[in-house]
Amino acid sequence: MIEHVLHHLNGIEVFGIISVCLFFGFFTAMLLWASRLKKTYLNSMQELPLDSGEKNSNQDSHE
Amino acid sequence: MSLAASQNISAVASSPARSVQAETFKYDNAIVRAFAIATVVWGLVGMTAGLLCAVQLFFPGANLDFQFITFGRLRPLHTNAVIFAFVGNGMFMGIYYSLQRLCKARMFSDFVSWFHFWGWQAIIVSAALTLPLGLTTSKEYAELEWPIKIAITVVWVAFTINLIGTILRRREKHMYVAIWFYIATALTVAVLHLTNSMVIPAGWFKSYSMYAGVQDALVQWWYGHNAVAFFLTTPYLGMMYYFLPKAANRPVFSYRLSIIHFWALIFVYIWAGPHHLLYTALPDWAQSLGMVFSLMLIAPSWGGMLNGLLTLRGAWDKVRQDPMLKFMVVAITAYGMATLEGPTLAIKSVNSLSHYTDWTIAHVHTGALGWNGFLTFSVLYWIFPRLYNTRLYSIKLANYHFWIALLGMMFYVVPMYVAGVTEGLMWKQFTADGFLQYPNFLETVVQIVPMYKLRAIGGTLYIAGVWLMVYNLYRTAKSGVFVKETEAQAVPFRREHAPVERGPHWIHRWLEAKPLTFTVLSVLAILIGGMVEIIPMYLVKENVPTISSVKPYTPLELLGRDIYIREGCVGCHSQMVRPFRSETERYGEYSKAGEFVYDHPFLWGSKRTGPDLHREGGKYPDAWHYNHLENPRSTSPGSIMPNYPWLLSQKLDTTSLPARIQALRKIGVPYPDGFENGPAQKDLQEQSEKIVANLKTGSITANDNREIIAVIAYLQRLGTDIKAAPPVATPPATVQPTAELDSHGQDARATTTAAK
């Protein structure tokens, strides 16, 4: 079936190759990028939900 | 929050902006409360509709022969209410609460917030009215007719404007990962909804999908799968990343992992849709693509689950004491289980057993009851005391709710697993002589009826738990005072005060500080997978082998098909004979893609509570269908199909026929010009009279203008075109029958080849 589809769509060979390249390129770039993030930055980011800026109250702590 | 962490945040937030004074502003709690109340109310409605559906599956008389609450019409009401009303409102509750606090800004516009709220409730009410009336497109989770689809688009745009507007006006420079999940939700749902809603109207509440057969199936399940991903999963993951750290009072286990979780999930999810159509007439390449990407989904899903559970490391004592955390832990575990099971079911060999069975029902309810339900309860227990500035009325009652809900979920899913595997095995069982062990489909239904009863007990327990929660939340509200607005302070984020640093991490900081760029990249990530799947299907007409003998439905059959859609028959009957010997033996020749070229919409179905109907035409006399529809147990003792007495009494509406023919012609069905002005009515009358004459031979006197005549015409047409066919024109059939060896070691292909 795949041969049939490929046969009838002009340039489909490039389409498949582009898809694979995009896929692996995307993941390689993402993993490299994530692995190089600074620890201090990550620490500050993960604290964000714990500070809601609310002036008063028990809202940031759970009973 | 720890002092050290607090100082850290303070330094990050204020150092670039020391010269700017902190601003005081107010969070809008009223909109959060409105969505919270709507979540509870619609949750009860949706779950009760589900329970009534469940009861009808072992006691069909529970519909009281009342067409508006019969299973086929009630099931889409249940699914829509639970997905879009319960989870939808739950999602908006969580987003409106957390987004304001993460952005340190009030929502962009109070007017848009309330427009969004009332617009969404109006859509839900219109769904609750139209679905029981049988006004449906029949496409799962996209059943609502075109005027409501337009309303959904408008309200969703309002929500997106409010979301993006709030992000743009934020005082916190960085966008926490929960906000990324919210952005992906808003944009992807918009893309999915628009793509799958391409219909041609044939009246105010009737339309036909612009796609036909295979294309329609692919687009529908690309939508259906990703609706699960981006409506039921991503917004709730965002809520998990916000509310879990809040409840545990500690940061998420790994922010780095959350970044990988987000990008990997949104990129991979979109490719996996075709796993809903394995072994159907969908081209093999699309099926394989769906299977491979489904398996890859385990990685990001489990990354997210572990990130959630590990957030609680060292804090499990809190889980023992805090029911909110108990609900959260079970929700995350259910997410992990469902996201492991989903890819497992997407493996073709597993799918050949599980598809069309109650195994799928068990799977989706692990997600719906466990992941969405428990997480919603958790957030409600968190939010209500804070909205009313008080403490939860009763921790004990919340604990009771937890255990009852957990027990209810077990009573639901375990019987459904047993039922699913039982059905799958019985459908495929051959005797030593090579005949089907259970040739009568009804035998396989009767076998699992006890499981259906247990499932209803599970559902009842789950709903009982929700009522406990309603009481608990009500008493909580009564014991406090509603805080309409919460005052907050933050140093405003000004770009000129916060130059982007250069360094190995600058790309990410630049990216998540620019919401619009981030948004565009997120959309690109989801579009790539969508394009890879969809574009070849759009472009390649030859993808669907033509079969010269396949003709458009006659006017009477067309109206019969529309009644079949109205009654939701597709909820229990598939129209897709898979290329297995067990199916070709039971039903006949396997289904070919070319047989569905005039099917707007496709009606392949996703569940076989009753048998497949694709080769139903000509199997039984007209009189059998008449008696069967009037009272299924008169022809099939033990059947759990509802009676359809109204089909015998209601007059067939032929006034809409011209509009329907014209609409179908516009999307490529080759009805001759002018056919609708006279010839169609004549054709309809002649065919009706023939059926009435046939019924007379079965001692049935029927009126030729009743709805049942059209339904019989449609059922008798199903799958018959190919029987009169000359050899299938080139190219050959889309799928080859799978080699499934019988007890004598013979290849199933022998059967199908002989049938040709």
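Concerning the overall build of chain A
Then, in step 1: When you go through chain A residue by residue, the secondary structure sums to 3 helices and 0 strands.
Then, in step 2: Mapped in sequence order, the helices and strands of chain A form the string α-α-α.
Then, in step 3: Residues counted as buried form 41% of the 63 residues belonging to chain A.
Then, in step 4: Working note: accessible area of chain A is about 3600 Å², and carbon and sulfur atoms make up 63% of it.

Here we look at the side chain of B:H116
All names here are of chain B.
Then, in step 1: Tracing the backbone through its elements, the reader meets H116 in helix α4 (residues 110-130).
Then, in step 2: Within the structure, H116 has its side chain in polar contact with the side chain of Y96 (distance 2.7 Å).
Then, in step 3: Apart from residues lying up to four places away in sequence, H116 is in contact with F35, F92, Y96, V155 and F159.

Here we look at the packing of aromatic side chains
All names here are of chain B.
Then, in step 1: Under the defined criterion, the tally for this structure stands at 53 aromatic pairs over all chains.
Then, in step 2: Among the aromatic residues, ring-to-ring pairing joins F35, F84, F92, Y96, W114, F117, W118, W120, W156, F159 and F231 into one connected group.
Then, in step 3: One Lys or Arg, R386, reaches over the ring of W382 and ends 3.3 Å from the middle of that ring.

Things to note about the state of the cysteines
All names here are of chain B.
Then, in step 1: Enumeration over the complete set of coordinates arrives at 0 disulfides over all chains.
Then, in step 2: C569 provides the cysteine sulfur closest to C572, a residue in no disulfide bond, and the two sulfurs are 8.5 Å apart.
Then, in step 3: You can call C572 buried: its relative accessible area is 16%.

Describing the environment of B:P201
All names here are of chain B.
Then, in step 1: Tracing the chain through its elements places P201 in strand β2 (residues 199-201).
Then, in step 2: Expressed as a C-alpha distance, the spacing of P201 and W221, which sit 20 residues apart in the sequence, is 22 Å.
Then, in step 3: If sequence neighbours within four positions are ignored, P201 has contacts with W146, K206, S207 and A663.

Concerning the confidence of the model for chain B
Residue and element names in this part refer to chain B.
Then, in step 1: When pLDDT is averaged across chain B, the result is 88; 89% of the residues are at 70 or more.
Then, in step 2: Here residues 1-18 scores under 50 on pLDDT; set against residues more than four positions off or in separate chains, the count is 20 contacts.
Then, in step 3: Every residue in residues 729-756 is under pLDDT 50, and counting partners more than four places away or in other chains gives 60 contacts.
Then, in step 4: Taken together, the chains of this predicted complex give a pTM of 0.89 and an interface ipTM of 0.75.

Examining helix α25 (residues 679-697) of chain B
Residue and element names in this part refer to chain B.
Then, in step 1: The first and last C-alpha atoms of α25 sit 28 Å apart over 19 residues, in line with the 27 Å expected at 1.5 Å per residue.
Then, in step 2: Inspection of α25 places A680, L684, Q687, S688, I691, V692 and L695 among the buried residues, and these make up the whole buried set. Across the axial projection of α25, the buried residues extend over an arc of 145 degrees, all falling on one side. The exposed residues of α25 that point more than 90 degrees off its buried face are K682, K690, K696 and T697.
Then, in step 3: Those residues of α25 hidden inside the fold are in contact with α19 (555-566), α21 (622-630), α24 (657-666) and α26 (707-717).
Then, in step 4: Two residues or fewer after α25 comes S699, characterised by a positive phi angle close to 60 degrees.

Some details on unusual backbone geometry
All names here are of chain B.
Then, in step 1: Between H600 and P601 the backbone carries a cis peptide bond, its omega angle lying at -5 degrees.
Then, in step 2: Although it is not a glycine, K104 adopts a positive phi angle of roughly 50 degrees.
Then, in step 3: Summarising the element assignment, K104 is placed in the loop between α3 (71-103) and α4.
Then, in step 4: Notably, Y141 is not glycine yet its phi reads approximately 65 degrees, a positive angle.
Then, in step 5: The residue Y141 is located in the loop between α4 and α5 (146-168) in this model.

Structural notes on a nonpolar patch on the surface
Residue and element names in this part refer to chain B.
Then, in step 1: There is a patch of nonpolar side chains on the surface, built from F111, F115, I150 and V154 and spanning about 410 Å² of accessible area.
Then, in step 2: Tracing the chain through its elements places V154 in helix α5.
Then, in step 3: A relative accessible area of 44% places V154 in the partly exposed class.

A short note on the pattern of salt bridges
Residues and elements named next belong to chain B.
Then, in step 1: For the coordinates displayed, the defined rule picks out 26 salt bridges over all chains.
Then, in step 2: Put simply, R717 and E557 hold a salt bridge, and the shortest N to O gap is 2.5 Å. Remark: E557 occurs in helix α19 and R717 occurs in helix α26; sequence separation between them is 160 residues. The pair formed by R717 and E557 is uniform in burial state, with each residue classed as buried.
Then, in step 3: The salt bridge involving R566 is made with E567; its shortest N-O contact spans 2.8 Å. The pair formed by R566 and E567 is uniform in burial state, with each residue classed as buried.

So, the packing of helix α7 (residues 213-248) of chain B against helix α10 (residues 298-310) of chain B
Residue and element names in this part refer to chain B.
Then, in step 1: The interhelical angle for the contact between α7 and α10, taken along N-to-C directions, is 15 degrees, at an axis separation of 10 Å. In terms of axis orientation, α7 runs roughly parallel to α10. Judged by the twist between their axes, the crossing of α7 over α10 is left-handed. Across from M240, Y241 and L244 in α7, the residues of α10 making contact are G304, N307 and G308.
Then, in step 2: Considering only residue class, the contact of α7 with α10 consists of 3 nonpolar, 3 polar and no charged.

Conventions we followed
- Residues numbered from 1 in each chain as written.
- Chains lettered and ligands numbered in written order.
- Predicted model: local features only at pLDDT ≥ 70, side-chain atom pairs only at ≥ 80, totals over all residues.
- Heavy atoms only, no water.
- Helix = DSSP H or I, 4+ residues; strand = E, 2+ residues; numbered from the N terminus.
- Buried < 20%, exposed > 50% of the residue type's maximum accessible area, 1.4 Å probe, protein only.
- Areas by Shrake-Rupley, 256 points an atom, 1.4 Å probe, with all protein chains shown as cover.
- Polar contact = N/O pair within 3.5 Å; in protein donor to acceptor, adjacent residues only side chain to side chain.
- Contact = heavy atoms within 4.5 Å.
- Phe/Tyr/Trp six-rings, centres within 6.5 Å; stacked < 30°, edge-to-face > 60°.
- Lys NZ or Arg CZ within 6 Å of the ring centre and 35° of its normal.
- Disulfide = S-S within 2.5 Å.
- pLDDT = per-residue confidence, 0-100.
- Expected span 1.5 Å × (residues − 1).
- Arc of directions from axis to C-beta.
- Patch = residues over 30% accessible without salt bridge, like charges linked within 9 Å, V, L, I, M, F, W, Y side chains within 5 Å.
- Salt bridge = Lys/Arg side-chain N within 4 Å of Asp/Glu carboxyl O.
- Axes fitted to C-alpha atoms, helices over the stretch in contact; angles between N-to-C directions.
- Parallel < 35°, antiparallel > 145°, perpendicular 65-115°, else oblique.
- Left-handed = near helix turned anticlockwise from the far one by under 90°.
- Nonpolar A, V, L, I, M, F, W, Y, C, P; charged D, E, K, R; others polar.

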